Amino acid sequence: LAVLSDLFPSLLLLVPNASSFRGESLVNSATNPAHYATRLRFLLRMLICAISSAENPVLLFFDDAQWGDEEFIKEFVSDSSHLGKSDIGTGLKRHLCFVCCYRDDLEEELSDTSFVQHPYTTVTKLQLQDIPETSIHDMVSETLSVPRRLSKSLASIVYLKSAGNPLFAKSFLDSMVEEGKVYYSVEEKRWIWDTEAIRQVSIDDNVAKLLVRKLQRLPSKVQDALKLLSCFGQRVPKFAIVNQETIDGLNHAFSSGLLDMDAEFYKFTHSAVQSAAHDLIPETLRAELHFKLGCSIIELDPLPDERTLTTRNIVAIDQINKSRPLEVADSELCRKFAELNLFSGRQSMQSGGFESALNYFEHGLSFLGDSNWKENYHLTLELSDNACLASYITTKTDLVEKHVTRVLSHARDTLDMLNAYSVHIRAMCASGFEIDAIQLVLQVSKILGEDFVNLNDVSNPDMERLAKDELFVIRQLLDELGTDKLLKLGRMTDVRKCWIMKLVSYVMKDMFRTKPLLMTVLACRMIKLSIDFGTCEATCIAFVMYSVALMDSPENVGHSYHWGKFAMTLFQTLDNPDPSMHHRVKHYFLSLVGVWIEPHQSICECLHINYRNCEFSGDIETSSNVLAWYCLINTLSGSNLVTLNNIYWDVGRKMAETSQHQHLMFVASFHGHIVKLANLSSTSMFELVKGPFQSEDELLDYAIATSKSKLLCG
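In this text, all values refer to a predicted model and were calculated from it rather than measured experimentally.

Conventions we followed
- Residues numbered from 1 in each chain as written.
- Predicted model: local features only at pLDDT ≥ 70, side-chain atom pairs only at ≥ 80, totals over all residues.
- Heavy atoms only, no water.
- Helix = DSSP H or I, 4+ residues; strand = E, 2+ residues; numbered from the N terminus.
- Contact = heavy atoms within 4.5 Å.
- Areas by Shrake-Rupley, 256 points an atom, 1.4 Å probe, with all protein chains shown as cover.
- Pairing = 2+ DSSP bridges.
- Axes fitted to C-alpha atoms, helices over the stretch in contact; angles between N-to-C directions.
- Core = buried A, V, L, I, M, F, W, Y, C linked by side-chain atoms within 4.5 Å.
- Buried < 20%, exposed > 50% of the residue type's maximum accessible area, 1.4 Å probe, protein only.
- Disulfide = S-S within 2.5 Å.
- Phe/Tyr/Trp six-rings, centres within 6.5 Å; stacked < 30°, edge-to-face > 60°.
- Lys NZ or Arg CZ within 6 Å of the ring centre and 35° of its normal.
- Polar contact = N/O pair within 3.5 Å; in protein donor to acceptor, adjacent residues only side chain to side chain.
- Salt bridge = Lys/Arg side-chain N within 4 Å of Asp/Glu carboxyl O.
- Parallel < 35°, antiparallel > 145°, perpendicular 65-115°, else oblique.
- Left-handed = near helix turned anticlockwise from the far one by under 90°.
- Nonpolar A, V, L, I, M, F, W, Y, C, P; charged D, E, K, R; others polar.
- pLDDT = per-residue confidence, 0-100.
- Expected span 1.5 Å × (residues − 1).
- Patch = residues over 30% accessible without salt bridge, like charges linked within 9 Å, V, L, I, M, F, W, Y side chains within 5 Å.

A. Main features of the overall build of the chain. Within the chain, the regular secondary structure consists of 33 helices and 7 strands. Restricting the contact set of the chain to residue pairs at least 6 apart, pairs at least 24 apart contribute 66%. Carbon and sulfur atoms make up 53% of the accessible area of the chain, which amounts to about 36300 Å² in all.

Laid out in structure tokens, this is it:
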């Protein structure tokens with residue numbers, strides 16, 4: 001290029017970056033650049049004259065012209081195509097043809113003036129349409145060598161998935177063969193396919209772009225139908241659309257390949273199509289449209305109570321929530337919307353959709369306004385309590401603090417505060433503030449009428465004597481009653497006692513680690529309360545922790561295991577027990593008692609199953625604790641160290657995601673020993689805890705420097 005540039009300086013007009021080959025400008029700045037442009041056009045005309053004739057016309061083909069430089073097209077294509085204007089080019093207008101191929105979905109890259117119309121130039125624009133469905137049927141039939149009557153079902157799907165584009169049709173068919181959805185059957189001696197599996201395959205992004213352009217060319221009535229449908233999302237139940245004109249428009253869209261549908265649902269073929277349809281709605285009108293759609297569904301299906309909540313009601317409130325910037329003046333209607341959000345959120349919690357549940361509760365509170373605690377106290381309290389729990393499960397600590405503070409500030413009595421207290425206590429334990437959580441439990445228990453013990457007033461020797469006395473008394477009492485009488489105890493009905501038992505059960509695992517003597521005392525007191533007032537789920541926790549307290553010598557292992565198994569049996573006798581409490585009882589028994597008797601491999605398998613159950617129920621602190629013990633028992637069972645390293649990292653990441661820092665530090669400490677034993681180059685798991693810590697000492701220094709020493713164990 002450097003040599004050519006000496007002979008043809010005009011090259012730089014086409015390739016300005018050619019100067020980089022020399023490291024200096026190849027064009028004499030003193031020379032007029034227009035001179036080189038004139039010379040270039042002259043030389044081009046001479047070249048065309050030399051190589052073209054009536055017998056041998058010249059055809060120049062430019063592909064992907066949408067990426068071409070507009071100035072080059074003007075200079076080269078337009079000026080060259082009107083050579084007949086000059087003497088040397090006379091008659092060439094019939095011997096030279098340019099074909100520029102470009103994608104019309106990127107047509108904005110070329111302005112309408114790119115191809116300049118001259119007296120001696122004829123510009124013809126050809127629009128290549130998608131091939132019809134019958135041609136796709138012929139293509140599939142010939143490709144697979146099967147009759148059209150057999151390939152019809154497959155060809156129809158290929159047409160819809162490719163938007164009639166032959167290139168995309170071929171690509172889609174090839175991909176189905178690669179994925180094994182279309183395959184050659186030696187037995188039947190022909191190609192066969194899984195129609196339903198192919199129908200479920202998502203279309204390609206390039207096809208989606210074609211469909212978006214097709215959407216923009218549809219009749220306005222069809223576009224209006226798609227705009228309405230897009231408000232509901234990508235997959236829409238058919239009951240949401242009741243207007244016949246809209247249904248007709250959607251049927252037209254289906255025949256155009258923009259929608260899939262079955263007996264119950266409409267579905268956009270690609271998220272890009274749904275997004276494009278929604279973008280057609282002016283932003284200023286979207287909130288009002290969502291509100292009208294939600295209200296129209298509610299008119300057909302009146303607002304229910306929680307037991308009769310239907311999918312139709314949930315679809316309606318989803319639309320109402322999307323209109324939230326729109327103010328609703330009717331206070332009674334706002335209350336109904338808040339109730340519907342409460343019912344929908346609870347249903348989402350039951351099915352494990354905690355993020356969506358939190359969204360429902362937040363929207364429900366927003367409908368009640370500033371005077372919610374005065375005019376709608378009980379509804380606001382229910383929404384706030386559920387928002388506390390959903391925020392905790394989804395690890396949104398700022399929202400936990402916000403909702404807990406609101407409840408504790410506005411609740412009318414102590415009983416109304418207890419749900420918020422329970423979430424607050426669990427969040428404190430998860431963040432490493434176990435001692436504060438234990439103190440809070442003791443304070444609330446005292447308010448509720450049960451003064452267990454004041455930690456500030458009890459020294460270690462006193463606590464040790466108290467624990468021994470409690471164990472002696474309870475052991476005698478249990479031996480006297482026997483398991484049969486204990487299983488026949490009635491259900492605890494005193495609400496305050498039930499809450500005391502529940503709150504204490506939340507901190508039992510933390511007392512096991514930080515205050516084992518206090519754990520023993522409270523476990524015995526809980527058993528005594530159960531004998532006096534009846535049993536509840538927390539009674540089973542108390543028996544498991546009592547069995548742990550008995551593990552003070554080898555001769556007590558059998559006795560301890562007996563009461564641990566009794567706790568599991570007792571839980572089965574309770575009416576409508578809380579499933580999450582069952583997972584907790586099972587975990588404590590397996591990890592703290594069963595591990596001394598049962599095979600470790602069996603314990604690990606049971607813990608893994610229990611972890612899945614805890615995760616689904618939203619009990620994130622128990623699921624995290626289960627994982628911690630799963631790691632520890634795998635270590636004790638002599639598993640391969642490299643495998644253990646991978647297990648620890650998987651567990652650590654899950655704990656970091658759910659902000660269970662206390663359990664994460666527990667696991668990270670053991671992981672450090674595994675790394676040393678196996679001489680691994682693995683980085684420290686302490687980097688997952690709020691910063692890049694390489695050791696416990698670094699974590700301690702960080703905690704002291706940032707006044708976060710309560711992150712560490714007491």
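Text resumes after the structure shown.
B. Representation of the sheet that holds strand 5 (residues 235–237) within the structure. Ordered by their spatial adjacency, 3 strands build an open sheet running 5-7-6, and the pairing between neighbours is antiparallel. At either end of the open sheet lies a strand with only one pairing partner, and these are strand 5 and strand 6 (259–261). Neighbour-to-neighbour, the strand axes of the sheet open up by a mean angle of 20 degrees, direction not taken into account. One ladder, built from 3 bridges, connects strand 5 with strand 7 (residues 265–268); its direction is antiparallel. Within the sheet, the bridge partner assigned to Val 236 lies in strand 7 and is Tyr 266.

C. Broad picture of the nonpolar core. Core analysis: the largest hydrophobic core is formed by 165 residues, its most contacted members being Leu 226 and Met 508. The residues touching Met 508, leaving out its near neighbours within four places in the chain, are Met 519, Leu 522, Ala 523, Met 526, Ile 541 and Met 545. If you look at the next biggest cluster of nonpolar residues, it comprises 18 residues, including Val 146, Leu 160, Phe 172 and Met 176.

D. Layout of the state of the cysteines. Here the structure, examined in full by the defined rule, presents 0 disulfides. No disulfide involves Cys 536; its sulfur sits 5.2 Å from the nearest other cysteine sulfur, which is in Cys 498. Residue classification places Cys 536 among the buried positions, given a relative accessible area of 6%.

E. Quick look at the pairing of strand 4 (residues 190–193). Bridging between strand 3 (residues 182–185) and strand 4 involves 4 bridges; their strand directions are antiparallel. Its bridge partner being in strand 4, Ser 185 is matched across the sheet by Arg 190. Taken together, strand 3 and the strand that follows it, strand 4, pair antiparallel across an intervening segment of 4 residues, in which Lys 189 is found at a positive phi of about 60 degrees.

F. Inspection of the packing of aromatic side chains at higher detail. Summed over all chains, the structure comprises 9 aromatic pairs. Seen in terms of ring centroids, Tyr 184 and Trp 191 are 5.8 Å apart; in terms of plane orientation they differ by 75 degrees. Their pairing is edge-to-face. Classification of Trp 191 as partly exposed rests on a relative accessible area of 25%. Sitting above the plane of the Tyr 377 ring, Arg 412 keeps its charged end 3.8 Å from the centroid.

G. Expanded view of the environment of Thr 124. Here Thr 124 is to be found in the loop between strand 2 (96–100) and helix 5 (133–144). Sequence spacing of Thr 124 and Val 99 is 25 residues, and the spatial spacing of their C-alpha atoms is 9.6 Å.

H. Structural view of the side chain of Ser 530. Secondary-structure assignment places Ser 530 in helix 25 (residues 516–533). Once residues within four sequence positions are removed from consideration, Ser 530 is found in contact with Leu 489, Met 492, Met 501, Thr 535 and Thr 539.

I. Seen up close, unusual backbone geometry. Even without glycine at this site, Lys 189 takes up a positive phi of about 60 degrees. Turning to its location among the elements, Lys 189 is positioned in the loop between strand 3 and strand 4. Phi angles above zero are rare outside glycine, and Thr 395 is one such case at about 60 degrees. Along the chain, Thr 395 falls in the loop between helix 18 (377–393) and helix 19 (397–410).

J. Layout of the side chain of Lys 497. Within the element layout of this structure, Lys 497 appears in helix 23 (residues 495–506). Polar side-chain contacts of Lys 497 include one of 3.1 Å to the side chain of Glu 450.

K. Structural view of the pattern of salt bridges. Considering all chains together, one arrives at 21 salt bridges under this definition. In this structure, Arg 148 and Asp 138 form a salt bridge, with 2.9 Å as the shortest nitrogen-oxygen distance. Taken together, the residues span a long stretch of sequence, with Arg 148 in helix 6 (residues 148–162) and Asp 138 in helix 5 at a distance of 10 residues. Look at the salt bridges and you will find they share partners, linking Glu 434, Lys 509, Asp 510 and Arg 513 into a network.

L. Structural context of the environment of Val 595. One can find Val 595 in the loop between helix 28 (579–593) and helix 29 (600–617). A residue is classified by how much of its surface remains accessible, and Val 595, at 11% relative accessible area, is buried. Spatially, the C-alpha atom of Val 595 lies 9.9 Å from that of Tyr 561, the residues being 34 residues apart in sequence.

M. Molecular detail of the packing of helix 28 against helix 29. At a minimum axis distance of 10 Å, the contact between helix 28 and helix 29 shows a crossing angle of 155 degrees. When the axis of helix 28 is compared with that of helix 29, the two are roughly antiparallel. Taken as a pair, helix 28 and helix 29 cross one another with a handedness that is left-handed. Residue-level inspection shows Ser 580, His 583, Lys 586, His 587, Leu 590 and Ser 591 of helix 28 in contact with helix 29, the latter providing Ile 603, Cys 606, Leu 607, Asn 610, Asn 613, Cys 614 and Ser 617. Taken together, the residues that form the contact of helix 28 with helix 29 break down as 5 nonpolar, 7 polar and 1 charged.

N. Focus on the confidence of the model for the chain. Confidence along the chain averages 79 in pLDDT terms, with 79% of residues attaining 70 or more. Low pLDDT, under 50, characterises residues 107–113; the predicted model gives this stretch 11 contacts beyond four residues in sequence or across chains. Low pLDDT, under 50, characterises residues 707–714; the stretch is placed with 20 contacts to residues that sit more than four places away or in other chains.

O. How the structure looks around helix 23. Between its terminal C-alpha atoms helix 23 stretches 17 Å, which fits the 16 Å expected from 12 residues at 1.5 Å a residue. Buried within helix 23 are the following residues: Lys 497, Trp 499, Ile 500, Met 501, Leu 503, Val 504, Ser 505 and Tyr 506. For helix 23, the secondary structure elements touched by its buried residues are helix 20 (414–430), helix 21 (434–447), helix 24 (508–514), helix 25, helix 26 (537–549) and helix 28.

P. Fine view of a nonpolar patch on the surface. On the surface, Phe 42, Leu 43 and Met 46 cluster together into a nonpolar patch covering about 280 Å² of accessible area. Mapped onto the secondary structure, Met 46 falls in helix 3 (residues 33–51). Among the residues examined, Met 46 registers a relative accessible area of 41% and is labelled partly exposed.

Q. Structural detail: the environment of Phe 265. Relative to the helices and strands, Phe 265 resides in strand 7. Through-space distance from the C-alpha of Phe 265 to that of Arg 235 is 6.6 Å; in sequence the pair is 30 residues apart. Among all residues touching Phe 265, those that are not within four sequence positions of it are Arg 235, Val 236, Pro 237, Lys 238 and Asp 260.

R. Summary view of the packing of helix 18 against helix 20. At a minimum axis distance of 10 Å, the contact between helix 18 and helix 20 shows a crossing angle of 15 degrees. Relative to helix 20, helix 18 is oriented roughly parallel. When the axes of helix 18 and helix 20 are compared, the crossing they make is left-handed. Counting all contacts with helix 18, which are made through Tyr 377, Leu 381, Asp 385, Cys 388, Leu 389 and Tyr 392, the residues of helix 20 involved are Asp 416, Asn 419, Ala 420, Val 423, Arg 426, Ala 427 and Ala 430.

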